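Take a look at the letters that make up each chain.
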Amino acid sequence: MKDLDQLIAGVEDPVAEPSFDGLEAAVWRRVAERHERRRTERLRLAIVAVALVAGIANGQWLVPSASAHPAGETLFHPTVGLAALTTAEIGG
């Protein structure tokens with residue numbers, strides 16, 4: 001019974017109205033957090049879209065150009081002579 005008396009004594013006024021101090025500031029803070037989260041999600045989506053477009057573009061333009069040369073043609077390509085091992089073998 002003593003604990004119950006202490007709890008009742010700790011309550012100031014059970015019929016008093018709740019305090020709304022700081023409620024408006026808390027609401028605006030939550031609104032700002034939500035806007036920031038949406039902006040971050042949009043930015044993340046834009047970054048993923050740019051990366052996807054860059055990956056598709058590289059796949060469309062670079063891979064076909066690499067496979068366009070037959071294997072036998074690369075031995076006689078002019079840039080083969082510019083390789084470091086080729087000039088070393090020639091005695092350069």
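Residues numbered from 1 in each chain as written. Predicted model: local features only at pLDDT ≥ 70, side-chain atom pairs only at ≥ 80, totals over all residues. Heavy atoms only, no water.

Asks: Lay out the pattern of salt bridges in plain terms, naming residues and giving numbers.
Replies: Following the criterion strictly, the structure yields two salt bridges and no others. Two residues, Arg29 and Glu33, come together in a salt bridge whose shortest N-O distance is 4.0 Å. Placement of both Arg29 and Glu33 in helix H2 (residues 23–67) is noted, with a separation of four residues, approximately one turn of the helix. Using a relative accessible area of 45% as the deciding quantity, one classes Glu33 as partly exposed. Across the pair Glu36 and Arg39 runs a salt bridge whose closest N-O atoms are separated by 3.0 Å. Of this pair, Glu36 and Arg39 both sit in helix H2, separated by three residues, roughly a single helical turn. (Salt bridge = Lys/Arg side-chain N within 4 Å of Asp/Glu carboxyl O. Helix = DSSP H or I, 4+ residues; strand = E, 2+ residues; numbered from the N terminus. Buried < 20%, exposed > 50% of the residue type's maximum accessible area, 1.4 Å probe, protein only.)

Asks: Please provide a residue-by-residue account of a nonpolar patch on the surface, values included.
Replies: On the surface, Phe20, Leu23, Val27, Trp28 and Val31 cluster together into a nonpolar patch covering about 520 Å² of accessible area. Following the sequence through the fold, Val31 ends up in helix H2. (Patch = residues over 30% accessible without salt bridge, like charges linked within 9 Å, V, L, I, M, F, W, Y side chains within 5 Å. Areas by Shrake-Rupley, 256 points an atom, 1.4 Å probe, with all protein chains shown as cover.)

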